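# Commentary on secondary and tertiary structure
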Amino acid sequence: MMRRKLQKQSIVYKLTFFVVLIVIAQAVLMTIFMIGGGVLQRAEENAYQSFFEKVSNRNSYIQREMKNRWTNIDPYVSEISAQLSESDTSEQYFSGVMDNLIDMLRTTQTTGVFIILNEEYSSSPNLPALYLRDYDPLLNDYSNGDLYMLLGPSDLAKSYRMPLDEYWDYGLSRTKSLNDFYLKPFQNAALSTHSKLLGYWSKPFRLFDTDVPIMTYTMPLFDENKQLRGIIGVEIAVSYMAQNMPATDLQPKDSLGFLLAYRNDPKQPLVPIVTHGALQKRMLITDEPLQLKSLDSNQNIYTLSHHNSKEPLYACISQIGLSAENSPFKKEEWYLVGLMSESSLLSYVNRIKQILLASIVSAAILGVLGGILISYRLSKPILRLAKQVRDSEKELPIQLSSTGLLEVDELSRAMEMANNALLDSASR
């Protein structure tokens, strides 16, 4: 215990302690100033702003595609409607509008276009339909060899040298016509004779049980006498929609990417309807509503709970404006949701925190080493001086060597003078 007390009173201990204390205090003060000055907060805000801008830019692109390209069918609808009154049978009508429908498919660059006529009093189990599909809309073959007929007269497909799809049928089953993509625009047709106001985007579904999942945009089809005759629309395959939401927009590697969410009531939670990528499907519980907690209302940033990730997930939500204000489908809201993990979104913030922590640890290590070195350099000549005093002859004058330390050398000279005076006094 005495030995420990003596050690605590030593120059080595005290110098090391004070040097470490000063260096750590400087590092802590620097950290406090950076945090108090808003450096970390500003870094977080920049991360949120960047996240918001990436999602907003992708949302703007999707809206342009959906509103200006994929649904730009008005010029074709007017031509197709005009021929309704000129045809006696559905086969004759489909033959007359085949070129218009192909042009509409090429122009909109969608994965499918279709016309479904309503024959309310027919006993046939199918509704007359003409449905063309293009599995790669960005690659156009002007011989129509890249197009498939999904629904319609097989003779018409043969005349256009167009192969039949593996799910081909002559018409649309009446049970399938009960789906929203057909029923909603048809039931609301009485609200307006302007088809554009009644355009309806459906949630993903399968036209046939084993078919690919698709989304459709459909409008009522009126003849020249404003009589409702059926629907006309375009198809977007879910896989094609996913291509328009590249995960690399958010980060180049291991990105959770985007998803589409839907709700038909502002009080209801968002429900994922289009997810993409193995990582996203592994992390999210896609068959349940998103559980979101607001983090930054200005940037629409939320924390996402109830997921399979080992770290927190963040979501940025941007509404896709699809329906007009006076549309009967205005309450059906679509959202683009960007997803990022905490380690990715706040990587720069975490980097700053790591630097601050490393600076404190480095300062402590440097303080300990520096304190030991300085105290050793100071104490070594003093210890050498003490040894000279101990080993000197008591009857002879002391001759002490210089230590290179001004104060200690002054003490040495004072000791020499006192020793000499004591010897003189003793000799007298």
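Structure: above.
For the structure given in this document, a descriptive report is provided here. (Residues numbered from 1 in each chain as written. Predicted model: local features only at pLDDT ≥ 70, side-chain atom pairs only at ≥ 80, totals over all residues. Heavy atoms only, no water.)

## Structural notes on the overall build of the protein
- Looking only at helices and strands, the protein features twelve helices and 14 strands.
- Considered along the principal axes of its C-alpha atoms, the protein spans approximately 150 × 40 × 35 Å.
- Across the 428 residues in the protein, those meeting the buried criterion constitute 42%.
- Considering only contacts in the protein between residues 6 or more positions apart, those separated by 24 or more positions represent 58%.
- As presented, the protein carries roughly 23,600 Å² of accessible surface, and 55% of it is formed by carbon and sulfur atoms. (Helix = DSSP H or I, 4+ residues; strand = E, 2+ residues; numbered from the N terminus. Buried < 20%, exposed > 50% of the residue type's maximum accessible area, 1.4 Å probe, protein only. Contact = heavy atoms within 4.5 Å. Areas by Shrake-Rupley, 256 points an atom, 1.4 Å probe, with all protein chains shown as cover.)

## A word on the pairing of strand 8 (residues 228-237)
- By the criterion of burial, strand 8 is predominantly enclosed, with eight of the ten residues buried.
- Alignment of strand 1 (residues 112-117) against strand 8, held across six bridges, turns out to be antiparallel. Paired with isoleucine 116 across the strands is isoleucine 231, a residue of strand 8.
- For strand 7 (residues 214-222) and strand 8, the ladder comprises nine bridges, and the chain directions are antiparallel. Its bridge partner lying in strand 8, methionine 219 is registered against isoleucine 232.
- Connecting strand 7 to the next strand, strand 8, in antiparallel fashion are five residues, including lysine 226 with a positive phi near 65°. (Pairing = 2+ DSSP bridges.)

## Describing unusual backbone geometry
- One non-glycine residue, arginine 161, lies in the positive phi region at around 55°.
- Assignment of secondary structure puts arginine 161 in the loop between helix 6 (154-159) and strand 4 (164-169).
- Residue classification places arginine 161 among the exposed positions, given a relative accessible area of 73%.
- Positive phi is not limited to glycine here, since lysine 226 has a value of about 65°.
- For lysine 226, the location among the structural elements is in the loop between strand 7 and strand 8.

## Examining helix 4 (residues 74-82)
- Restricting attention to buried positions, one finds in helix 4 the residues Tyr76, Val77, Ile80, Ser81 and Ala82.
- Lining the buried residues of helix 4 we find helix 5 (90-108), strand 1, strand 7 and strand 8.

## Overview of the packing of aromatic side chains
- Tallied over the entire structure, the rule returns twelve aromatic pairs.
- Where phenylalanine 181 meets phenylalanine 205, the ring centres are 5.0 Å apart and the plane angle is 25°; that geometry is what we call stacked. Of this pair, phenylalanine 181 sits in helix 7 (residues 180-187) while phenylalanine 205 sits in the loop between strand 6 (200-201) and strand 7, and the two are 24 residues apart along the sequence.
- For phenylalanine 181, a relative accessible area of 1% corresponds to the buried category.
- Members of the aromatic cluster, connected to one another through ring pairs, are Phe114, Tyr131, Phe181 and Phe205. (Phe/Tyr/Trp six-rings, centres within 6.5 Å; stacked < 30°, edge-to-face > 60°.)

## Some remarks on the nonpolar core
- Core analysis: the largest hydrophobic core is formed by 65 residues, its most contacted members being Ile115, Leu132 and Leu260.
- With nine residues, helix 3 (residues 39-70) is the single largest residue contributor to this core.
- Residues in contact with isoleucine 115, not counting those within four places in the same chain, are Ile80, Tyr93, Phe94, Val97, Leu101, Pro128, Ala129, Leu130, Leu221, Ile231 and Ile232.
- Residues Leu127, Leu172, Leu207 and Ile214 belong to the second largest nonpolar core, which totals 16 residues. (Core = buried A, V, L, I, M, F, W, Y, C linked by side-chain atoms within 4.5 Å.)

## Observations concerning the sheet that holds strand 12 (residues 301-305)
- Strand order in the open sheet formed by six strands is 10-9-14-13-12-11, with antiparallel pairing between adjacent strands. Two strands bound the open sheet, and with one partner strand each, they are strand 10 (271-274) and strand 11 (291-296). With direction set aside, neighbouring strand axes in the sheet form an average angle of 40°.
- Across six bridges, the pairing between strand 9 (residues 258-263) and strand 14 (residues 333-341) is antiparallel. (Axes fitted to C-alpha atoms, helices over the stretch in contact; angles between N-to-C directions.)

## Focus: the environment of alanine 386
- Along the chain, alanine 386 turns up in helix 11 (residues 347-391).
- Each C-alpha atom, one on alanine 386 and one on isoleucine 62, is 84 Å from the other, the two residues being 324 residues apart in sequence.

Don't take any of this as a statement about function, it's just geometry.
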